[in-house]
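Here is how the chains run, residue by residue.
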Amino acid sequence: MTENSRISAVLTGLGTCLPARTVTNDDLAQRLDTSHEWIHSRTGIARRRVVDAGTGTAELAAAAGAAALESAGRSSCDLVLVATTTPDRACPATAPQVASAMGLTGVAAFDLSAVCSGFVYGLSVAAAMIGAGTCESVLVIGAERYSAIVDPQDRSTAVIFGDGAGAVLLERSRRPEGRGVVLHTELGSDGTGNELITVRPGERYLRMEGREVYTRAVPTMVESARRVAEAVGWQPEDIDAFVGHQANLRILESVAKRLGLAPERVIANIEDVGNTAAASIPLALAWAADRGRLTPGDRVVLTAFGGGLTWGSAALIWPDVRPVHG
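Just so we're clear, the structure is a prediction, and the values are computed from it rather than from any experiment.

About the thresholds
Residues numbered from 1 in each chain as written. Predicted model: local features only at pLDDT ≥ 70, side-chain atom pairs only at ≥ 80, totals over all residues. Heavy atoms only, no water. Helix = DSSP H or I, 4+ residues; strand = E, 2+ residues; numbered from the N terminus. 1 Å grid on protein atoms, 1.4 Å probe; cavity = no way out; pocket = protein on both sides within 12 Å on 5 of 7 lines; lining within 4 Å. Points joined across faces, edges and corners; volume = space filled by probe spheres on them. Nonpolar A, V, L, I, M, F, W, Y, C, P; charged D, E, K, R; others polar. Contact = heavy atoms within 4.5 Å. Pairing = 2+ DSSP bridges. Axes fitted to C-alpha atoms, helices over the stretch in contact; angles between N-to-C directions. Buried < 20%, exposed > 50% of the residue type's maximum accessible area, 1.4 Å probe, protein only. Core = buried A, V, L, I, M, F, W, Y, C linked by side-chain atoms within 4.5 Å.

A. Structural detail: unusual backbone geometry. Residue Pro92 is bonded to the preceding Cys91 through a cis peptide linkage, with omega at 5°. With respect to the element layout, Pro92 can be found in the loop between strand S4 (79–83) and helix H4 (95–101). That bond from Gly308 to Leu309 is cis: its omega, -10°, falls within 30 degrees of zero. With respect to the helices and strands, the residue Leu309 is situated in the loop between strand S12 (299–306) and strand S13 (310–317). Unusually for a residue other than glycine, Val115 sits at a positive phi of about 55°.

B. Representation of the layout of surface pockets. Here the largest pocket is characterised by a volume of approximately 600 Å³. Forming the boundary of the largest pocket are 26 residues, of which Ile160, Met208, Gly210, Arg211 and Asn248 lie nearest the centre. Secondary structure elements with two or more residues in the lining of the largest pocket: helix H2 (36–43), helix H6 (155–158), helix H7 (210–231), helix H8 (249–259) and S12. Split by residue class, the lining of the largest pocket holds 15 nonpolar, seven polar and four charged. One number sums up the size of the second largest pocket: a volume of about 260 Å³. Contributing to the lining of the second largest pocket are 16 residues, with Arg31, Val50, Ser147, Pro152 and Ala158 lying nearest its centre. No other element matches strand S3 (residues 47–50), which puts three residues into the lining of the second largest pocket. By residue class, the composition of the lining of the second largest pocket is nine nonpolar, two polar and five charged.

C. The side chain of Thr34, seen in detail. Relative to the helices and strands, Thr34 resides in the loop between helix H1 (25–29) and H2. Apart from residues lying up to four places away in sequence, Thr34 is in contact with Leu28, Ala29, Ile39 and Arg155.

D. Inspection of the sheet that holds strand S8 (residues 182–189) at higher detail. As summarised here, the arrangement of the four strands in space is S8-S13-S12-S11, forming an open sheet in which the pairing is mixed. Both outer strands of the open sheet, S8 and strand S11 (241–244), are each paired with one neighbouring strand and no more. Ignoring strand direction, the axes of neighbouring strands in this sheet form an average angle of 10°. As judged from the four bridges shared by S11 and S12, these two strands associate in the parallel manner. Directly across from Val243, in S12, lies its bridge partner Leu302.

E. Representation of the sheet that holds strand S5 (residues 108–112). The strand order across the open sheet built from six strands is S5-S4-S6-S7-S1-S14, with neighbouring strands paired in mixed fashion. Only two strands of the sheet have a single neighbouring strand rather than two, namely S5 and strand S14 (324–325). For S4 and strand S6 (residues 137–145), the ladder comprises five bridges, and the chain directions are parallel. In the sheet register, Val82 faces S6, and the bridge partner there is Ile141. Contacts from helix H3 (residues 57–72) reach strand S1 (8–17), S6, strand S7 (163–173) and S14 within the one sheet, and its direction differs from that of S1 by about 125°. Across the sheet, helix H10 (residues 280–290) is in contact with S1, S7 and S14; its angle to S1 comes to roughly 85°.

F. Geometry of the pairing of S13. The buried fraction of S13 amounts to eight of the eight residues, a majority that puts the element mostly inside the structure. Along S13, one buried face is formed by Thr310, Gly312, Ala314 and Leu316 and the opposite face, lined by Trp311, Ser313, Ala315 and Ile317, is buried too. Looking at chain direction, S8 and S13 are connected through seven bridges and run antiparallel. What sits directly across from His184, in S13, is Ala315. Direction of pairing for S12 relative to S13: antiparallel, over a ladder of eight bridges. Following the sheet pairing, Val300 is matched in S13 by Leu316. In this antiparallel pair of consecutive strands, S12 and S13, the connection spans three residues, and Gly308 shows a positive phi of 140°.

G. Structural context of the nonpolar core. With 49 residues, the main nonpolar core has Tyr146, Trp234, Phe242 and Val255 as its most contacted residues. For this core, the elements supplying multiple residues, two or more each, are H7, H8, S12 and S13. Among the elements that make up this core, the one with the highest residue count is H7 (eight residues). Ignoring sequence-local partners within four residues, the contact set of Val255 consists of Val218, Met221, Val222 and Phe242. Core analysis: the next-biggest nonpolar cluster, separate from the first, contains 38 residues, Leu81, Val182, Ala286 and Val300 among them.

Below, the structure written as structure tokens:
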């Protein structure tokens, strides 16, 4: 969707849900051959949130979705889209359960799986459906319970991932250049890298080739972000805030540097929540909005890279929105 579109998708609500339980690097060091210094220096992570036993992805998603509706001052929507790598069951999809838990039985609902790119993919799909006139409003939820698929004894993954959910409400508008408008999105994939981030058939836990992922993620995110900015006529100096998938602080800093962005324009909350995959970008947006790092009218670029391999970026004008935390 571009600035010249007659009908636009506008971000009107923002909500989150983070588990109450915090696991610090020192906590992990008690059972793994690691330390706070080792983890923090390599990832930028100090702590992450983890669900208690019995809490599923649907519960996190429903709380974040309800918070986003409250933020927008709405009680319903036309579609609930849940981006997740960790559905509570392989079948059926999580989204219908989430919709019903929110009192939205009867609305359309489906899951989307693009791993860490899931939220940007969901944003793009939602904006396109609104632009096509299929929906008036779409709730896009990124929700993850990575503690269910991470080997607690694997130092390469156990220190990285956390649980959580973030959501936005997109609504139909005829303000092509107004605040909150999703101006443009771009998506991509490369299935030749499908083994780099994967849960193999018959296995329970996630496997990740961290070094190779880093090598591919940085240039791919740079080019994706550059393409989406150029599509709306933005130069690096025009971008007020860069919100990348919170995978690793080194990746975020490397991407920003290659894009020519000043460090103060980079939004990073990975220190407090770790890598929450499809939930990471909406959680980072809420974190930044709460701290005045995002103000209405800011030009924002979102960028993600994840398993598949998949990637995507979006350009939007930041709205006057107050995050609500579920």
